[in-house]
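Remarks on the overall topology
Each chain, letter by letter, is given below.
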Amino acid sequence: MENIKFDIKQIVRPNVLGLSPYSSARDEYVSDGSTMIFLDANENPFENGVNRYPDPQQRSLKAELAKLKGVSETNILLGNGSDEVLDLIFRAFCEPSVDNIITLPPTYGMYKVLADINTIDNRKVLLQTGFQPDVTKILETVDEYTKVIFLCSPNNPTGNSFSEESIISILEDFNGLVVIDEAYIDFSSKNSWLQKIEYYPNLVITQTLSKAYGLAGIRLGLCYASEEIINILNKIKPPYNVNELTQQRALERVINYDKVTFEVSKILKEREALIKALSKISFVEKIYESDANFVLVKIDDANKRYQQLLELGIVVRNRSTQPLCKNTLRFTVGTEEENHKLIDEMIKIDN
Ligand SMILES: *Cc1c(COP(=O)(O)O)cnc(C)c1O
């Protein structure tokens, strides 16, 4: 099971390997809760709730997340959205103008954007029919400079999860990092890969509070991996990358996780109702299976229907320019009222 050839030192950028992280005032002295006088960080001493720098290691939040997710705090890194976490992965492991990554379009656009920003070649291996990874082709595309393979499961914009067999093959036969982006895992019928980080030293999981947790506005992304990988990412992260307000709001939500579960169950019920109603619209040609809080739908003319819905005050995402997604729209599952309005308007357009 274990990928024995994997050696982290072989894949981290040499300059990062030798780096010592910036040590901030709050790294050097961590409050143990006793009343101390803080004259170390040039803060304004008058209390207003946020006059102090935030905890650079977000200890309270990580402790609650560790309990909720059943992992150790040392396996967690938090960032300013998963977009920052993904960028840290590029900057720690991919040497600009030398290394490459593999992505599986149609998929989340940020991997390519980050590759371009970091001057990393993005090797694309299209998903197969059924939107599953083409494992043979992926492994053929790997060369000695391939550092990361990005798997988005459940995948955006297609909505499906990748098969367990294909993910295992990639984890076992590739000696670089395998990042599984689980932004939509809370909506999925499949298990998270989180508990597998102890078996696969090359596995990195990213999650976010932006979707199921209902906190897109606070920007909190999560990364889970071996302590070795987390330590490397910690070396390069900005010291105060997760602000105090974000830490507080995230902590409150994680402690009250039952509210998240409740909202997710409502969204899943609505997803089923939406799929049923969409299947009765005559210009809807195919509704793809969804493990997420959105559905990808193939229709007669995506540009035309997108415009019609826009004029009726409904904004959906036109994914038609994506490979394998000709004439598709992506519908996020809204509230019951929003979904009824969408369906009413679709029926009107249909006649
Ligand atoms: C929405 C989304 C994210 C979330 O990114 P944040 O920066 O955490 O808001 C990550 N990955 C995928 C595939 C997404 O669709």
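For the structure itself, look to the data block above.
A quick note: this is a predicted structure, and the numbers were derived from the prediction, not measured. (Residues numbered from 1 in each chain as written. Predicted model: local features only at pLDDT ≥ 70, side-chain atom pairs only at ≥ 80, totals over all residues. Heavy atoms only, no water.)

Attention now goes to the site of the ligand. Surrounding the ligand, one finds 13 residues, the nearest of these being Ser82, Thr208, Ser210, Lys211 and Arg219. Within the side chain of Tyr184, an N or O atom sits 2.7 Å from an oxygen atom of the ligand. Arg219 places a side-chain nitrogen or oxygen 2.6 Å from an oxygen atom of the ligand. Look at the ligand: alone it shows 390 Å² of surface, and the protein chains cover 94% of it. The residue inventory of the shell around the ligand, partitioned by class, reads four nonpolar, five polar and four charged. (Near = heavy atom within 4 Å. Polar contact = N/O pair within 3.5 Å; in protein donor to acceptor, adjacent residues only side chain to side chain. Areas by Shrake-Rupley, 256 points an atom, 1.4 Å probe, with all protein chains shown as cover. Nonpolar A, V, L, I, M, F, W, Y, C, P; charged D, E, K, R; others polar.)

A full pass over the atoms with the stated rule returns 18 salt bridges. The closest approach of N and O atoms between Arg219 and Asp83, which form a salt bridge, is 3.9 Å. Here the residue Arg219 occupies a position in the loop between strand 6 (203-208) and strand 7 (221-224), and Asp83 occupies one in helix 5 (residues 81-93), the gap between them amounting to 136 residues. Judged by relative accessible area, Arg219 falls into the partly exposed class, the value being 30%. Its relative accessible area of 22% is what places Asp83 among the partly exposed residues. Among the ionic pairs, Asp116 bridges to Lys112, the shortest N-O distance being 2.8 Å. Of this pair, Asp116 and Lys112 both sit in helix 6 (residues 110-117), four residues apart, roughly one helical turn. Judged by relative accessible area, Lys112 falls into the partly exposed class, the value being 39%. Members of the salt-bridge network, linked through shared partners, are Glu43, Glu47 and Arg52. (Salt bridge = Lys/Arg side-chain N within 4 Å of Asp/Glu carboxyl O. Helix = DSSP H or I, 4+ residues; strand = E, 2+ residues; numbered from the N terminus. Buried < 20%, exposed > 50% of the residue type's maximum accessible area, 1.4 Å probe, protein only.)

What follows is about the pairing of strand 2 (residues 100-103). Every second residue of strand 2 is oriented toward a common face, with Asn100 and Ile102 on one face and Ile101 and Thr103 on the other, all of them buried. In terms of strand pairing, strand 2 meets strand 3 (residues 121-124) through four bridges, oriented parallel. Paired with Asn100 across the strands is Asp121, a residue of strand 3. In the classification by handedness, the crossover that spans strand 2, the intervening helix 6 and the parallel strand 3 is right-handed. Where strand 2 meets strand 4 (residues 146-152), three bridges bridge the pair, whose relative direction is parallel. Note that in strand 4 the partner of Ile102 across the bridge is Ile149. (Pairing = 2+ DSSP bridges. Right-handed = clockwise from strand over helix to strand, strands pointing away.)

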